[in-house]
Amino acid sequence: MRAAVLAYGYNGGKDWTVLKTACARLGLRLRRVRQEELGQPVGAFFGLSAYRAEPEPQDSLPGRMLVMGGLTGPQMDAFLSALKTARAGESLKAILTEHNAAWDGNTLYHALAQEQQEMEAKSAP
């Protein structure tokens, strides 16, 4: 699998430019996932599963999400550092796994959002 980043909820602008630049510098493939593709398994974009012929219609995501697959540790560090340095806007981030490869974009987004809420609740005084 070639190292790649999926971008959900990005519609151009500064943050999209930051993503394109960071990916180009690191030799990563960048793929913007369109609204009509939200019902596709995340792994399908990485060649790990088949695209669904007729995916279930999906609501828009309430925020943005990046899914990284096939990156080495140094690539991951450099990519995240580039986003931080450029002050890219907030987005949920995930690494493609065997477990989440079968999930569609909405399922993964909401699982990440739930995890983030739980971590924030545990760290609250």
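Preceding this section is the structure that the text describes.
Residues numbered from 1 in each chain as written. Predicted model: local features only at pLDDT ≥ 70, side-chain atom pairs only at ≥ 80, totals over all residues. Heavy atoms only, no water.

## Some words on the sheet that holds strand S3 (residues 65-69)
Strand order in the open sheet formed by 4 strands is S2-S1-S3-S4, with mixed pairing between adjacent strands. Among the strands making up the open sheet, the edge pair consists of strand S2 (29-33) and strand S4 (92-95). For this sheet, the mean inter-axis angle between neighbouring strands, taken without regard to orientation, is 20 degrees. Seen against the sheet, helix H1 (residues 13-26) touches strand S1 (4-8), S2 and S3 and runs at an angle of roughly 150 degrees to S2. Each of S1, S3 and S4 touches helix H2 (residues 73-85); the most contacted strand, S3, lies at about 160 degrees to it. (Pairing = 2+ DSSP bridges. Helix = DSSP H or I, 4+ residues; strand = E, 2+ residues; numbered from the N terminus. Axes fitted to C-alpha atoms, helices over the stretch in contact; angles between N-to-C directions. Contact = heavy atoms within 4.5 Å.)

## So, the pairing of S4
For a regular strand, side chains alternate in direction, first toward one face of the sheet and then toward the other. Of the two faces of S4, the one holding Leu 92 and Ala 94 is buried and the one holding Lys 93 and Ile 95 is not buried anywhere. Looking at chain direction, S3 and S4 are connected through 4 bridges and run parallel. From the neighbouring strand, Met 68 faces S4, where its bridge partner is Ile 95. Viewed along the sheet, the connection from S3 through H2 into S4 turns out right-handed. (Buried < 20%, exposed > 50% of the residue type's maximum accessible area, 1.4 Å probe, protein only. Right-handed = clockwise from strand over helix to strand, strands pointing away.)

## Re the nonpolar core
With 19 residues, the main nonpolar core has Leu 6, Tyr 8, Val 42, Phe 46, Met 65, Val 67 and Leu 108 as its most contacted residues. For this core, the elements supplying multiple residues, two or more each, are S1, S3, S4 and helix H3 (105-123). Sort the elements by how many residues they give to this core and H3 lands first, with 4 residues. Each residue touching Tyr 8, except ones within four places of it in the same chain, is listed here: Val 33, Leu 38, Val 42, Phe 45, Leu 61, Gly 63, Arg 64, Met 65, Val 67 and Gly 105. In terms of nonpolar packing, the next biggest core, distinct from the first, is built from 16 residues, Ala 7, Leu 19, Ala 22 and Phe 79 among them. (Core = buried A, V, L, I, M, F, W, Y, C linked by side-chain atoms within 4.5 Å.)

On their own, these measurements won't tell you what the molecule is for.
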